[in-house]
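Architecture and fold: a report
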Amino acid sequence: MKKNNASIPVHTASAMDFLPLSKLQELQLSRLKWTVQRAYDKVALFRDRMDKLGFVPNDLKSIDDIKNLPFTTKTDLRDNYPFGLFASPLEEIVRFHASSGTTGKPIVVAYTKEDIQDWATAILRSFAACGLHAGDIVQNAYGYGLFTGGLGAHYGAEALGAAVIPISGGNTERQIMIMKDFGVTAISCTPSYFVHIIDTAKDLGVDLRQLPLRAGVFGAEPWTEDMRHRIESESGIKAYDIYGLSEIMGPGIAMECVYQAGPHIFEDMFYPEVINPESGEVLPEGSEGELVLTTLCKRAMPMIRYRTRDITALTSQQCRCGRTLRRLKRINRRSDDMMIIRGVNVYPSQIEEALLKVEGTLPHYLIIIDRVKGLDVMEVQVEVTPEVFSDTIGAMEQLQAKISHFIAATVGIRPEVKLVAPKTIKRSEGKAKRVIDKRKL
Ligand code: DLL
């Protein structure tokens, strides 16, 4: 076991996490040159776009020159469905994943053997960052299948030397039985599914705080700091934020360390920029905007300046763990999650933030938007604790008014708040669906 300069144990953390900045930048530049040349030589879309801009891979002299490269979007992946963006021949592809998204054709991503190894390394570094190591028993409740969560986390946990339980999502009572019987020490799943596990454990009379479970690796959907506090106080574990997306690799693009101060990006593998989503201009560090990622090692499907639609900011402020990798501000909104209600921009995470501040609420909610006589209306259904639900009508009304006030103060629109009994809102085993928009826009 090594020690880093903050003297916390770093079990299998990679030296890459602690590279001096100049070494990291040197590595990024050489990998970027390799990636851009490969993309130019092997993928028609990238070559055509660069040709149109009069850009040749040799123009890359410094990492800052990346801003002269064209962006790539989800539409490009759809338009080139299924194999049009591959830079490796099919004989070298060993895995496909796909993400369905909300409309139309899925997007397909592919990996060579080396890509799968690199991905396992990224996840190994993610698990190690939050203090997991060989000897840990990891219950992997991300969905196995075309979704990158299950198999991605699985290979990384094995590479770490941890014992993986490939349980996938669902069958919550069995999850809890196994957690108890196997002495599970860490779980990986979506934060909303873990909240469901907490509730089910309560019903079964199992106190998660009494179990060896100590860490949760949660991601694949937006969640707030308030959600983290609720999860930690009710289960006695530490909840860590892991970020990723299929187009770039899957989970393991960025991960929080034990200081829980925002996910560190594995910058030697993925180059981050933050841009103004309207103008495309690169923003200075600390400014909030859309995250753009470029792969630095990917073979089967390199991505150049991929517009993630995720809103965040970057910081290079030194973290107490000693990692030189920059951190992301918690990603709790996407530019395409934004709802425009009566002309006001509203994000579901703002509503979560407001309602979880109110005592008596549970972290299960649903936002329903409709248009009545030409006017947008927003209803927020919130589950409340059994005590609140059996309280007097007056007390319920007071709570309703309080929640409505908190939300209005945060987003500028007063919603209709409906308090619903515990367990009324549909639970999800993967990514939670928080919004129903009934308007025909
Ligand atoms: O969700 C990969 C993943 C699996 C990440 C397991 C973490 C854990 P996609 O299905 O392609 O891939 O969805 C990617 O999910 O662009 C974000 O909008 C959102 N997302 C992922 N992680 C986080 C997170 C996987 N920690 C999309 N916080 C991304 C907020 C997240 N949003």
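What comes next is a walk through the structure. As the structure is a prediction and not an experimental result, all values here were calculated from the model.

1. Section: the sheet that holds strand β13 (residues 289-295)
Read across the sheet, 4 strands follow the order β12-β13-β14-β17 without closing on themselves; strand pairing throughout is antiparallel. Both outer strands of the open sheet, β12 (270-275) and β17 (333-334), are each paired with one neighbouring strand and no more. Pairing geometry for strand β14 (residues 306-312) and β17, over 2 bridges, is antiparallel. When the sheet's bridge partners are listed, isoleucine 311 is paired in β17 with arginine 333.

2. Section: the pattern of salt bridges
Following the criterion strictly, the structure yields 28 salt bridges and no others. Among the ionic pairs, arginine 209 bridges to aspartate 207, the shortest N-O distance being 3.3 Å. Its relative accessible area of 31% is what places aspartate 207 among the partly exposed residues. The salt bridge involving glutamate 273 is made with arginine 305; its shortest N-O contact spans 2.9 Å. Placement of glutamate 273 in strand β12 and of arginine 305 in the loop between β13 and β14 is noted, with a sequence separation of 32 residues between them. Summarising the burial analysis for this pair, glutamate 273 and arginine 305 share the class buried.

3. What to know about unusual backbone geometry
The step from tyrosine 81 to proline 82 runs through a cis peptide bond, and the omega angle for that step is -10°. Among the structural elements, proline 82 can be located in the loop between α3 (74-79) and β3 (93-99). Positioned with a positive phi, arginine 305 is a non-glycine residue whose angle comes to about 45°. Of note, the phi angle at lysine 373 is positive, near 50°, even though the residue is not glycine. Its place among the elements puts lysine 373 in the loop between β20 (361-372) and β21 (375-384).

4. Brief notes about helix α9 (residues 348-355)
Of all 8 residues in α9, 6 are buried, a share of seventy percent or more. Along α9, the positions that sit buried rather than exposed are Pro348, Ser349, Ile351, Glu352, Ala354 and Leu355.

5. Notes on the layout of surface pockets
In this model, the second largest pocket occupies a volume close to 470 Å³. In this structure, the second largest pocket is lined by 27 residues; those nearest its centre are Gln25, Glu267, Tyr271, Glu285 and Arg326. Looking at the lining of the second largest pocket, the elements that each hand over two or more residues are α1 (21-42) and β12. Tallied by class, residues from the lining of the second largest pocket come to 13 nonpolar, 7 polar and 7 charged.

6. Here we look at the site of the ligand
Of all residues adjacent to the ligand, which total 20 residues, the nearest are Asp241, Ile242, Ser246, Asp310 and Lys431. Take glutamate 221: an N or O atom from its main chain is 3.3 Å from a nitrogen atom of the ligand. In the complex, the protein chains occlude 93% of the 610 Å² of accessible area that the ligand would expose alone. Among the secondary structure elements, those contributing two or more residues to the shell around the ligand are α5 (148-160) and β9 (238-245). No other element matches β9, which puts 5 residues into the shell around the ligand. For the shell around the ligand, the residue count by class is 9 nonpolar, 5 polar and 6 charged.

7. Looking at the packing of aromatic side chains
According to the stated counting rule, one finds 7 aromatic pairs in the structure shown. On the numbers, 5.1 Å between centres and 25° between planes, the contact of phenylalanine 83 with phenylalanine 86 is stacked. The class of phenylalanine 83 is partly exposed, set by a relative accessible area of 38%. One aromatic cluster is present, built from ring pairs that chain together Phe83, Phe86 and Phe96. Across from the ring centre of tyrosine 155, 4.8 Å away, lies the NZ or CZ of arginine 95, which sits over that ring.

Reading guide: rules and limits
Residues numbered from 1 in each chain as written. Predicted model: local features only at pLDDT ≥ 70, side-chain atom pairs only at ≥ 80, totals over all residues. Heavy atoms only, no water. Pairing = 2+ DSSP bridges. Helix = DSSP H or I, 4+ residues; strand = E, 2+ residues; numbered from the N terminus. Salt bridge = Lys/Arg side-chain N within 4 Å of Asp/Glu carboxyl O. Buried < 20%, exposed > 50% of the residue type's maximum accessible area, 1.4 Å probe, protein only. 1 Å grid on protein atoms, 1.4 Å probe; cavity = no way out; pocket = protein on both sides within 12 Å on 5 of 7 lines; lining within 4 Å. Points joined across faces, edges and corners; volume = space filled by probe spheres on them. Nonpolar A, V, L, I, M, F, W, Y, C, P; charged D, E, K, R; others polar. Near = heavy atom within 4 Å. Polar contact = N/O pair within 3.5 Å; in protein donor to acceptor, adjacent residues only side chain to side chain. Areas by Shrake-Rupley, 256 points an atom, 1.4 Å probe, with all protein chains shown as cover. Phe/Tyr/Trp six-rings, centres within 6.5 Å; stacked < 30°, edge-to-face > 60°. Lys NZ or Arg CZ within 6 Å of the ring centre and 35° of its normal.

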